[in-house]
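Okay, here's what each chain looks like letter by letter:
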Amino acid sequence: MWDFFIFSLMRKTIIPVCFVGIAALFLSCGESRQVSQKSESESSVSRIISLSANSTVSEARIARDLEYLASDELMGRNTGSEGIEKAAVHIEEAFRKIDLPPFFETYRDSFPVKGVNGYNLVALKEGTDPGLKDEFIIIGAHYDHIGSGKPVAGDTLANGANDNASGTVAVLELARQFSGIETKRSILFALYSAEEMGLVGSDHLAKKLKKADLDLYAMLSVEMIGIPMQERDYAAYLTGYEISNLAERFNAYAGDKVLGFLPQAKEYNLFRRSDNYPFFREFEVPAQTISTFDFTNYEYYHHVKDEFEHMDTAHMAELIEKLIPGIIGMANSNEREIKMTK
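Read on for an overview of the structure. (Residues numbered from 1 in each chain as written. Predicted model: local features only at pLDDT ≥ 70, side-chain atom pairs only at ≥ 80, totals over all residues. Heavy atoms only, no water.)

### Quick notes on the nonpolar core
The nonpolar side chains of soluble globular proteins are, as a tendency, buried together. By size, the foremost hydrophobic cluster in this structure holds 76 residues, and its most contacted members are Phe95, Phe189 and Leu259. Per-element tally for this core: the top contributor is helix α10 (residues 313-332), with 10 residues. With sequence-adjacent residues up to four places away left out, Leu259 is seen in contact with Tyr234, Ala236, Leu238, Tyr241, Leu246, Ala247, Phe250, Asn251, Ile290 and Leu323. Counting 17 residues, the second largest nonpolar core, distinct from the first, contains Phe136, Tyr192, Leu216 and Val285. (Core = buried A, V, L, I, M, F, W, Y, C linked by side-chain atoms within 4.5 Å. Buried < 20%, exposed > 50% of the residue type's maximum accessible area, 1.4 Å probe, protein only. Helix = DSSP H or I, 4+ residues; strand = E, 2+ residues; numbered from the N terminus. Contact = heavy atoms within 4.5 Å.)

### Overview of the side chain of Glu135
Position of Glu135 relative to the elements: it lies in strand β3 (residues 135-142). Within polar-contact distance, the side chain of Glu135 engages the side chain of Arg185 at 2.7 Å. Residues contacting Glu135, with those up to four places away along its chain left out, are Arg185, Ser186, Asp215 and Arg336. (Polar contact = N/O pair within 3.5 Å; in protein donor to acceptor, adjacent residues only side chain to side chain.)

### Quick look at the pairing of β3
Burial within β3 is extensive, with 8 of its 8 residues counted as buried. Two strands pair when backbone bridges link them, and β3 and strand β7 (residues 215-222) are joined in this way by 6 bridges, in the parallel orientation. The partner of Ile138 across the bridge, within β7, is Met219. Across 7 bridges, the pairing between β3 and strand β6 (residues 186-192) is parallel. Its bridge partner being in β6, Ile139 is matched across the sheet by Phe189. (Pairing = 2+ DSSP bridges.)

### What to know about the pairing of strand β2 (residues 116-125)
Taken across its 10 residues, β2 has 7 buried, putting it largely inside the fold. The antiparallel pairing of strand β1 (residues 108-113) with β2 creates a hairpin that spans 2 residues between the two strands, and Lys114 there sits at a positive phi of about 50°. With 5 bridges connecting them, β2 and β6 associate as antiparallel partners. Paired with Val122 across the bridge in β6 is Ala190.

### A short note on the packing of helix α3 (residues 59-69) against helix α5 (residues 161-178)
Running from amino to carboxyl end, α3 crosses α5 at an angle of 140°, the nearest separation of the two axes being 9 Å. In terms of orientation, α3 and α5 fall into the oblique class. Both α3 and α5 take part in a crossing whose hand is right-handed. Side by side, α3 and α5 meet where Arg61, Ile62, Asp65, Leu66 and Leu69 of the first sit next to Ala161, Ala165, Ser166, Thr168, Val169, Leu172, Glu173, Arg176 and Gln177 of the second. (Axes fitted to C-alpha atoms, helices over the stretch in contact; angles between N-to-C directions. Parallel < 35°, antiparallel > 145°, perpendicular 65-115°, else oblique. Left-handed = near helix turned anticlockwise from the far one by under 90°.)

### Overview of the packing of helix α7 (residues 246-254) against α10
Relative orientation of the contacting elements α7 and α10 amounts to 110°, with a least axis distance of 7 Å. Relative to α10, the element α7 lies roughly perpendicular. In this structure, α7 contributes Phe250, Tyr253 and Ala254 to the contact, and α10 contributes Lys322, Leu323, Pro325, Gly326, Ile327, Gly329 and Met330. Grouping the constituent residues of the contact of α7 with α10 by class yields 7 nonpolar, 2 polar and 1 charged. (Nonpolar A, V, L, I, M, F, W, Y, C, P; charged D, E, K, R; others polar.)

### Comments concerning the environment of Met311
Considering the arrangement of structural elements, one finds Met311 in the loop between β10 (287-291) and α10. Overall, Met311 belongs to the buried group, its relative accessible area being 9%. Sequence separation of Met311 and Asn162 is 149 residues, and the distance between their C-alpha atoms is 7.0 Å. In this structure, Met311 is in contact with Leu66, Ala161, Asn162, Gly226, Ile227, Tyr298 and Asp306, ignoring residues within four places of it in sequence.

### Points about the sheet that holds β3
Strand pairing within a sheet occurs via backbone hydrogen bonds; the two strands may be parallel or antiparallel. Within the open sheet, the 8 strands sit side by side as β1-β2-β6-β3-β7-β10-β8-β9. Their pairing is mixed. At either end of the open sheet lies a strand with only one pairing partner, and these are β1 and β9 (259-260). Here strand β8 (residues 236-238) runs beside β9; their pairing, made up of 2 bridges, is parallel. Note on β9: the bridge partner recorded for Tyr237 is Gly260.

### A few points about the pattern of salt bridges
Throughout the structure, instances matching the rule amount to 18 salt bridges. Its salt-bridge partner being Arg176, residue Glu173 comes within 3.1 Å of it at the nearest N-O pair. Placement of the pair is Glu173 and Arg176 together in helix α5, with a separation of 3 residues, close to one helical turn. In this structure, a network of salt bridges that share partners links the residues Arg61, Asp65, Glu173 and Arg176. (Salt bridge = Lys/Arg side-chain N within 4 Å of Asp/Glu carboxyl O.)

### Brief notes about the packing of aromatic side chains
Overall, the coordinates contain 11 aromatic pairs when judged by the stated rule. Here the aromatic rings of Phe103 and Phe136 are separated by 5.9 Å at their centres, their planes lie at 75°, and the arrangement is edge-to-face. Of the two residues, Phe103 is situated in the loop between α4 (82-97) and β1 and Phe136 in strand β3; the sequence distance between them amounts to 33 residues. Accessibility expressed as a relative area gives 11% for Phe136, which makes it buried. On the basis of an interplanar angle of 85° and a centroid distance of 5.8 Å, the ring pair of Phe271 and Tyr277 is categorised as edge-to-face. What makes Phe271 buried here is its relative accessible area of 9%. An aromatic cluster is present here, built from Phe103, Phe104 and Phe136 joined pairwise through their rings. Above the face of the Tyr119 ring, Arg108 is positioned so that its terminal group lies 4.6 Å from the ring centre. Positioned above the aromatic ring of Tyr217 is the side chain of Arg185, whose terminal nitrogen or guanidinium carbon lies 4.4 Å from the ring centre. (Phe/Tyr/Trp six-rings, centres within 6.5 Å; stacked < 30°, edge-to-face > 60°. Lys NZ or Arg CZ within 6 Å of the ring centre and 35° of its normal.)

In structure tokens, the structure reads:
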């Protein structure tokens with residue numbers, strides 16, 4: 001996930017009656033417009049909530065996926081290893097089971113990196129609106145990890161449960177949910193490798209999609225969500241919070257404060273340190289990361305004890321459930337409401 005250096009930083013006037021009448025008229029018109037706008041907003045939220053009411057997010061399924069991806073069998077999912085190949089096959093099978101087709105000829109988007117082959121995996125949820133389906137949202141996460149780490153009691157495998165099997169599982173579960181939800185815009189569900197080598201996979205995909213002139217509306221990356229934050233009035237934080245209105249619109253769609261601002265994310269410039277950044281750089285649209293790692297709630301970053309047993313799957317299921325209405329709102333708004341503000 002985030003670069004190592006972050007952890008080295010851790011820490012009485014009378015008015016004629018006619019004018020009164022005119023003023024009252026304008027005021028009443030203004031109030032009518034406000035009521036109308038409020039009604040439209042409330043109606044929109046109601047429609048989104050209705051669409052998401054049939055979601056079947058399964059904690060048991062999340063736990064199964066997470067336990068496998070963070071198992072010793074996958075040997076820490078280092079890019080180019082036998083273990084990450086098993087992870088890639090697992091992701092491909094998950095996409096096939098929910099009938100999401102590959103965006104490219106196959107699910108795999110291949111690239112060379114440091115003498116080995118890396119694979120991004122990209123599935124397509126096609127939009128239904130003739131005028132909007134060529135606009136895309138990307139929901140992604142990196143599925144690689146570092147392979148091994150400093151030994152602890154003879155264990156050298158860095159299984160990367162929180163970093164970033166948790167984000168991978170979230171993307172797979174969101175893909176399952178949206179395979180049964182109609183959206184006006186198209187959605188790409190993307191899992192990247194070689195993030196731990198310097199955002200190589202996401203950089204490759206961003207450049208490839210830009211060259212193909214893909215119309216990217218917004219992008220969300222999911223990173224380290226295995227443990228909940230404490231004493232926050234939001235469910236997850238959004239990197240680059242101040243550069244766009246994404247959090248504001250997302251929360252409005254969801255009718256809840258799902259995404260918030262974490263001061264440390266700005267202090268440590270996390271916006272530039274995860275897979276969202278290559279997409280922002282190439283497309284100059286809102287491309288930001290969702291996370292619940294807040295520098296106080298988890299001590300096993302790039303550590304061999306970043307294991308499944310430490311993950312809170314009930315929290316993960318609850319957070320994924322909260323993300324669904326916001327994504328529905330993004331994918332179904334008639335206008336491009338999510339915009340850069342800086």
